[in-house]
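Structure at a glance
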Amino acid sequence: MKLVASVTTRLLVALLLIIGGEAQENVLTRVAPSMLECYESAQIFERDNRLPMTMNMLIELIRKVEDTPGFQQDIRQLAISMLHRFRQDGIVRAPGVTSMSGVIPFSPTEFQFTKHRVLFSRLLPGNAVNFPNATLSIDERCALHFMLSNSIDRRVRGDENIRCSQLSQYRAARVPRELDFKDRTRLRSNYLGDNEMLEQPEMDRIREHIKKIKHKASLAARLEMDPDEDHPDDEEEHPEATVEGGDEPQEEPIAAAGEDEETGEPLEEDGALGEIGDVSLVDIASNAISACPVENGVVYTPWGSVMAGTVLAGIAAGLEPQTVQLRDLMSRSDQYRSRQVQPMRVDNRWAATLSGDLAEVSLLHAPSVANNVQVGAAGAWNRTVAPRWYFLSQREHLQMTDTEIRAGIDGLLLATNIAEWRSRANNLRLSQVLDMYYSHRGVFNDTVRSCNRRDLFTTVAPMQQLREQTVAFSTVLDKEMQMPFTISQEAIINFSDQATDALANYIPSALNDLSCEATAIVMNDPTIWRTASDLYIFIDAAWPHRDAYSVVSNILDSLDVGRFGTNYTILNARDGNVIVNSTQFLSDFHMTYTPELHQTLPNGLNIPNVFRRMREETNNVMSTERRTNNLSGRSKLALMIVHTDRVSEGDTNFAIQHLQIFREEVPDLRFLYLAAGDPGRFNRFVRDERRDVFPLRELESGSIVDTVRVQLSPVIHRIQQEPRRIVNPRCGHDWVQENWGSNSMNQFVEPRGVNFYRLHPNYFFRQGENRRFRIQGHGFATLTVCHSRWVERPRQNSTENRDSIQCRTINTDAYDIDLSNACDGHSVIHTCPPLFVSVEGPLNPPAVIRCSEPQCRFPDNARFAVVLDNMGCFSSASRTVSSLLLAAMLALVVTLFKQS
């Protein structure tokens, strides 16, 4: 019977290899044909042109694929096809190879490729034949390739004297940010994982200086380097070949393109660069190893950066687990020796995550260091806002870096649980898993989440099983990897044990990632805050592109941009013209708002132009809401990012007058100002000067820890706290109501989540029969509904004006709020307070997970309906406009009379 089972297993593995091998181009010993497009063009390959390497961006791209019309792949099929389409580890540039027609100097020659080939040819077989490539642009496809493919660029760049020394500075700089917390044991330092290098000016100067040095030396010596090596801040090569005007790559166009790929503001050379002249051109052109190499395939998360390809591989393995005997993974010539060792089995969930990386440590590192095996290598981003360059703090012992350790734990956690999660939610999506795990909420509970990985390590990876799987996969990898030495099976076991022990000691002592509490939006509050807004951002182009780009990137990355949350539009603060059209994709901003575009924009702030544009935009939105019968469900905000411009007296009068019109026509619209200099100069142009005006200093000013994130935290929290608007869509932008009746829309809230809504008195000012606001439960979960006329964010456990808050739980029933005579005693609309409502999800997910419709961000969302009955349309906008026109005419008459 055992013989039959063994033969069956071998036949199955062989069949999988034959079927998958037909299209497994990512295991070939050259750059996969479908990935060549990422290396053929300097514009695409240039790292500073790529989409940011963040988990938010990865989730957005995956969701974009899942939302493709007609897309039918389930989570397992998508995970496998994405890995086979975009992941190819170990790709590095060939030193000394000159670009020429038909030659691209990149191939998978680094040690990571051996493990990659074993995994994807034998343990995670499949193909990408059915992947919808046309859904993504070339920029998006190549972003996925660079996010999922692991390698290390070790070449000397020329900026090491400054760049590498900065890595040590952040060890000290990171800690003071946690001194204010009482329980520091819960707030672990992550001085490298979530920090960034100093801002660009210093690196720009180095870049310019080295560029001049190499230009002078170019006639004397031809350097064997890519055009990108002109840019020490960019730490990665450009390919020296591109396709221009034909199918054959050419060398010269790439060199020219490299000259144009500068980012940041051009800076004049100054005396501070005296020592940069010591940069050795010989060292730059040689094969010497950089003191702080660049690690590829890393994505940023607030809880430590991770190797994204490993995380996805863990999910794929968990959805199709295999436990394969050693002899079935080895070539025929190695099977005899495998019979001489104790029978072992390789679990693809372990091989794809922790034991796979530990096997590399066991074979490539342990034999050369006797009994001093080391794992882990910390690193830092050049910036955490739109990060693209991840530098390692050491140049040796890089077989298992911190990003691989984090990804190994995450991948194994997901692999271990994914089958059970999928049984609870049949239509579970890949984007949903990542969105839940890399957030404060966790996957169906608040335990399995990335900020808890260190505490979950010993649970998900028992030491004995970790040792066994490391030995097993090391035995397989030993027969596949070319090494400068030969080791016995006994040595493999010994080295694997040492590597496993080193990892077990390293994680609790050195993997210092931020805790869940340290990154909570509100301290000691487990509530999940989600933002849903229509956001208009007006940029004053007097800001350098670097600063404006960083500010907007950070704001958008924090506001749940996407079809479940925030929609944004980028406009110019001077002429009011659109820079980035209204969109729900982060990638649109990063691909559109380039330094070249920024240079064409007019500088300054012109409030009349901004207000005219906002009136046009809001009129269009309200007309669309009337046409589609949409109650909105999003807040409406206009954010002005202003440099040092001041507002003239004439513009001030215009602004004050038109703010009255906005208050009548668009009562939910709020203007926010983020300004350099004295922000108080905009106090007269907002509803609440204490909440709506914020300072913004030059980003390179202040202390080293006063980053863009620190400066923008108040304005981000302000946007997050703005209630979602509920409107009577029958009013439109002209406030003319042609009929009466009921309007409703479905909304969703997650466990531990809360939605805040506001209904302005413009919709219930006068008395009306059967006028009410209703929250109708749909039986998905027990929800807590609260309302108040005075507390903007009413909650059951609120300590603010508890007597003015009313709450009740609902499930399939409804919560009704009578508004038939809600403004009794108020003669003016503005004196009648709005209605504030909150809907809060349960503390724990429901036993039965039901949310499977496309509007569900997560499977455990609870659906409910917001219903408006017999609302009216009350606005004195026409009288306000008439008054303003009359005042303007009188002023004109007085002026003409004086002139006569």
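All values derive from a computational prediction rather than experimental measurement.

Overview of the overall build of the protein
Along its length, the protein carries 28 helices and 28 strands. Expressed as a percentage of its 900 residues, the buried residues of the protein come to 60%. Put simply, of all contacts in the protein between residues at least 6 apart along the chain, 80% involve residues at least 24 apart. By element, 49% of the accessible surface of the protein is carried by carbon and sulfur atoms, the whole surface being about 35,800 Å².

A few points about the packing of aromatic side chains
Aromatic ring pairs are defined here through the distance separating the ring centres and the angle between the ring planes. A complete count under the given rule lists 18 aromatic pairs for this structure. On the basis of an interplanar angle of 90 degrees and a centroid distance of 4.9 Å, the ring pair of Y437 and Y438 is categorised as edge-to-face. Using a relative accessible area of 0% as the deciding quantity, one classes Y437 as buried. With 6.4 Å between their ring centres and 50 degrees between their planes, Y673 and F685 make a pair best called tilted. Of the two residues, Y673 is situated in strand β18 (residues 669-675) and F685 in the loop between β18 and α26 (689-692); the sequence distance between them amounts to twelve residues. Positioned above the aromatic ring of W389, the side-chain terminus of R47 is 4.6 Å from the ring centre. Positioned above the aromatic ring of F585, the side-chain terminus of K64 is 4.9 Å from the ring centre.

A closer look at the environment of S742
Note that S742 resides in strand β21 (residues 742-749). The class of S742 is partly exposed, set by a relative accessible area of 44%. Excluding anything up to four places from it in sequence, S742 contacts R730, V867, L868 and D869. A distance of 2.8 Å separates the side chain of S742 from the side chain of D869, its partner in a polar contact.

Some details on the sheet that holds strand β16 (residues 578-583)
Strand order in this open sheet of six strands is β16-β15-β14-β17-β18-β19, and the pairing throughout is mixed. Each of the sheet's edge strands pairs with one partner strand only, and the pair in question is β16 and β19 (693-695). Pairwise comparison of adjacent strand axes, ignoring direction, gives a mean angle of 15 degrees for this sheet. Where β18 lies against β19, three bridges are found, and the strand directions are parallel. Opposite A675, over in β19, you have P695 as the bridge partner.

Regarding the nonpolar core
Judged by nonpolar contacts, the single largest core of 148 residues is most densely connected at L503, L535 and I555. Counting the residues that make up this core, at least three belong to each of domain 1 (11-160 + 287-510) and domain 2 (533-726). Each residue touching I555, except ones within four places of it in the same chain, is listed here: L535, L639, L674, L712, I716 and I719. Residues A655, L659, F662 and C823 belong to the second largest nonpolar core, which totals 65 residues.

Thoughts on the state of the cysteines
Taken as a whole, this structure holds seven disulfides when the rule is applied. The partner cysteine of C38 in its disulfide is C142, sulfur to sulfur 2.2 Å. Handedness here is read from the sign of the S-S torsion; for C38 and C142, about -95 degrees, the answer is left-handed. Linking C38 in the loop between α1 (2-21) and α2 (42-45) with C142 in helix α6 (residues 138-148), this pair joins segments that are 104 residues apart in sequence.

Quick word on the sheet that holds strand β28 (residues 862-869)
Across the sheet, four strands lie side by side as β21-β28-β23-β26; this open sheet has antiparallel pairing. Taken across any chain shown, the strands that pair with only one partner, and hence form the sheet edges, are β21 and β26 (814-818). Taken pair by pair, the neighbouring strands of this sheet meet at an average axis angle of 15 degrees, ignoring direction. As judged from the six bridges shared by strand β23 (residues 772-777) and β28, these two strands associate in the antiparallel manner. Its bridge partner lying in β28, F773 is registered against L868.

Brief notes about the pattern of salt bridges
As a working rule, side chains carrying opposite charge can pair if their charged atoms are close by. Applying the stated criterion across every chain, the model contains 54 salt bridges. As a salt-bridge pair, R154 and E110 come within 3.4 Å of each other at their nearest N and O atoms. Residue R154 is found in strand β3 (residues 151-155), and its partner E110 is found in the loop between β2 (106-108) and α5 (112-123); the two are separated by 44 residues along the sequence. Under the relative-accessibility criterion, E110 is labelled buried at 19%. Among the charged side chains, a salt-bridge network with shared partners connects E625, D668, R691, D692, R718, E722, R725, R758, E792 and R793.

Structural notes on the packing of helix α3 (residues 55-66) against helix α17 (residues 430-437)
Axis separation between α3 and α17 bottoms out at 8 Å; the angle between their running directions is 155 degrees. By the angle class used here, α3 and α17 are roughly antiparallel. The crossing of α3 and α17 is left-handed. Where α3 approaches α17, its residues L58, I59, I62, R63 and E66 are matched on the opposing element by L430, S431, L434 and D435.

Quick word on the pairing of strand β24 (residues 783-788)
Where burial is concerned, most of β24 is hidden: six out of the six residues are buried. Because side chains alternate across β24, one face comprises the buried residues L783, V785 and H787, and the other comprises T784, C786 and S788, equally buried. As paired elements, β24 and strand β25 (residues 805-810) share six bridges and run antiparallel to each other. Its bridge partner being in β25, L783 is matched across the sheet by I810.

Section: unusual backbone geometry
With phi around 55 degrees, N629 is a residue other than glycine that occupies positive phi space. Mapped onto the elements of the fold, N629 is located in the loop between α24 (607-628) and β17 (635-642). Relative accessible area serves as the criterion here: at 38%, N629 is assigned to the partly exposed category.

Focus on the environment of S450
By the element assignment, S450 lies in the loop between α17 and α18 (453-460). Once residues lying within four places of it in the same chain are set aside, the contact partners of S450 are W303, D410, Y437 and Y438.

Here's the deal with the pairing of β26
Where a strand is regular, its side chains alternate between the two sheet faces. Where burial is concerned, the two faces of β26 differ: the one with Y815 and I817 is buried and the one with A814, D816 and D818 is not. Bridging between β23 and β26 involves five bridges; their strand directions are antiparallel. In the strand pairing of β26, R772 is matched with D818.

Some thoughts on the side chain of R613
Examined against the element boundaries, R613 turns out to sit in helix α24. R613 has contacts with F538, L571, G576, N577 and V578, leaving out every residue within four places of it along the chain.

So, the environment of S533
Looking at where S533 falls in the secondary structure, it is placed in strand β14 (residues 533-539). Note on S533: relative accessible area 0%, which makes it buried. In this structure, the C-alpha to C-alpha distance between S533 and R725, residues 192 residues apart in sequence, is 8.9 Å. When near neighbours in sequence (up to four residues on either side) are disregarded, S533 contacts G565, T566, N567, R634, S635 and L637. Side-chain polar atoms of S533 contact the side chain of S635, separated by 3.0 Å.

Observations concerning α5
For α5, built from twelve residues, the straight-helix expectation of 16 Å at 1.5 Å per residue is met to within 8% by its first-to-last C-alpha distance of 16 Å. Counting buried positions along α5 gives ten out of twelve residues, so the element sits mostly inside the fold. Residues of α5 that are buried include every one of Q112, F113, T114, K115, H116, V118, L119, F120, S121 and L123, and no others.

Conventions adopted
- Residues numbered from 1 in each chain as written.
- Predicted model: local features only at pLDDT ≥ 70, side-chain atom pairs only at ≥ 80, totals over all residues.
- Heavy atoms only, no water.
- Helix = DSSP H or I, 4+ residues; strand = E, 2+ residues; numbered from the N terminus.
- Buried < 20%, exposed > 50% of the residue type's maximum accessible area, 1.4 Å probe, protein only.
- Contact = heavy atoms within 4.5 Å.
- Areas by Shrake-Rupley, 256 points an atom, 1.4 Å probe, with all protein chains shown as cover.
- Phe/Tyr/Trp six-rings, centres within 6.5 Å; stacked < 30°, edge-to-face > 60°.
- Lys NZ or Arg CZ within 6 Å of the ring centre and 35° of its normal.
- Polar contact = N/O pair within 3.5 Å; in protein donor to acceptor, adjacent residues only side chain to side chain.
- Pairing = 2+ DSSP bridges.
- Axes fitted to C-alpha atoms, helices over the stretch in contact; angles between N-to-C directions.
- Core = buried A, V, L, I, M, F, W, Y, C linked by side-chain atoms within 4.5 Å.
- Domains from an automatic or database assignment.
- Disulfide = S-S within 2.5 Å.
- Salt bridge = Lys/Arg side-chain N within 4 Å of Asp/Glu carboxyl O.
- Parallel < 35°, antiparallel > 145°, perpendicular 65-115°, else oblique.
- Left-handed = near helix turned anticlockwise from the far one by under 90°.
- Expected span 1.5 Å × (residues − 1).

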